[in-house]
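Descriptive analysis of the structure
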Amino acid sequence: MILSQNYSKFINNTTNMKKKVKELFEESINVKRLCVEQGFLPIESMCRKITSALEKGNKLMLCGNGGSAADAQHLAAEMLVRLRPKNNRAGIPAISLAQDTSTITACGNDFGYDQLFSRLVQTLGQEGDVLIVITTSGNSKNILKAVKSAKKMGVLVFGFLGAGGGKVMKYCDEYFLVPSNDTGRIQEAHITAGHALMELIEDELLNSGYITLQDS
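Rules and cut-offs
Residues numbered from 1 in each chain as written. Predicted model: local features only at pLDDT ≥ 70, side-chain atom pairs only at ≥ 80, totals over all residues. Heavy atoms only, no water. Helix = DSSP H or I, 4+ residues; strand = E, 2+ residues; numbered from the N terminus. Buried < 20%, exposed > 50% of the residue type's maximum accessible area, 1.4 Å probe, protein only. Contact = heavy atoms within 4.5 Å. Areas by Shrake-Rupley, 256 points an atom, 1.4 Å probe, with all protein chains shown as cover. Lys, Arg positive; Asp, Glu negative; His and termini not counted. Charge placed at Lys NZ, Arg CZ, Asp CG, Glu CD. Patch = residues over 30% accessible without salt bridge, like charges linked within 9 Å, V, L, I, M, F, W, Y side chains within 5 Å. Salt bridge = Lys/Arg side-chain N within 4 Å of Asp/Glu carboxyl O. Axes fitted to C-alpha atoms, helices over the stretch in contact; angles between N-to-C directions. Parallel < 35°, antiparallel > 145°, perpendicular 65-115°, else oblique. Left-handed = near helix turned anticlockwise from the far one by under 90°. Nonpolar A, V, L, I, M, F, W, Y, C, P; charged D, E, K, R; others polar.

Of regular secondary structure, the chain possesses 7 helices and 5 strands. Counting from the amino terminus, helix and strand elements in the chain follow one another as α-α-β-α-β-α-α-β-α-β-β-α. Projected onto its principal axes, the C-alpha coordinates of the chain cover approximately 75 × 45 × 35 Å. Each of the 216 residues in the chain was classed as buried or not, and the buried ones make up 40%. Sequence-distant contacts in the chain: of pairs separated by 6 or more residues, those separated by 24 or more amount to 71%. For the chain, the accessible surface area stands at approximately 11600 Å², while carbon and sulfur atoms represent 54% of it. Side-chain charges of the chain comprise 24 positive and 22 negative groups, with the mean position of each set lying 6 Å from the other.

Following this line, the structure appears as C-alpha cells:
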C-alpha cells in the first residue's frame, strides 16, 4: 500500500514537472513571438552604429547585474574569441564591465556598488565607444549612473530592456524592449537578441574587410 502511494506520488510529481517545463517553454516562445511582431529595427540600427564605431577604432562595452552580467560577459567573449565555429577571425574589441572579483569588491567596498559601472566607463571609455546595458528592470542604480556617465563622455548607449524600459530607457540612443514583465522570459529574449546582434556585427565587419576569415 505504501509502495503504491509512493509510486502514485512519484507519477504525479513527474507529470507536474513536465507540465511546468512545457509551460515555461511556451511562455518563452510567446514572448519571442511578441518580439518578432514588434520588429527588430533597433537591432539593425545598433548593428550599423556599432560596426561604424569599431571600424573607427572604438570599442564595445557591456554591463548588467546578476544574470544580465553573465549575458554581458557571454556576448563580450564571443566578440573577443569566437562567435561561430566556422568563422575563425581576429578578435573584435569588446569588454564586459562586470570585471574580476577584485575590481568588483574593491569598488563595492571603497565607493559602493552603485559606482561600479560608471567608474569603469569613466576609466575605460572614450568618445565614440558604445555601451550596451542589459537590464530587465531598467532601474538599477549602477546602470543608471553608467549611462549618465557615458552620455557625458560621448559614448553611445544602447539598452536591452524589459518591463516597460524603466528609468534607463530615456538615456538610450537605441533600445530593444522585451514586451514582458517576467525576468526569466526577458533574459531569454535578451540573449537571443544579443546573439543576433553579434552575428550581424560579425557579418558586417567581414563584408567591409575590417576582419577577415583565417585558416583553422
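Right, let's talk about a nonpolar patch on the surface for a bit. There is a patch of nonpolar side chains on the surface, built from Val21, Phe25 and Ile29 and spanning about 300 Å² of accessible area. Relative to the assigned elements, Phe25 resides in helix α1 (residues 2–38).

This part covers the packing of helix α3 (residues 67–80) against helix α7 (residues 183–208). The N-to-C vectors of α3 and α7 enclose an angle of 15 degrees; their axes lie 11 Å apart at closest approach. Considering their axes alone, α3 and α7 lie roughly parallel with respect to each other. In this structure, α3 crosses over α7, and the sense of that crossing is right-handed. Side by side, α3 and α7 meet where Gly67, Ser68, Asp71, His74, Leu75, Glu78 and Met79 of the first sit next to Gln187, His190, Ile191, Gly194, His195, Met198 and Ile201 of the second. Looking at the contact of α3 with α7 residue by residue, the class counts come to 5 nonpolar, 7 polar and 2 charged.

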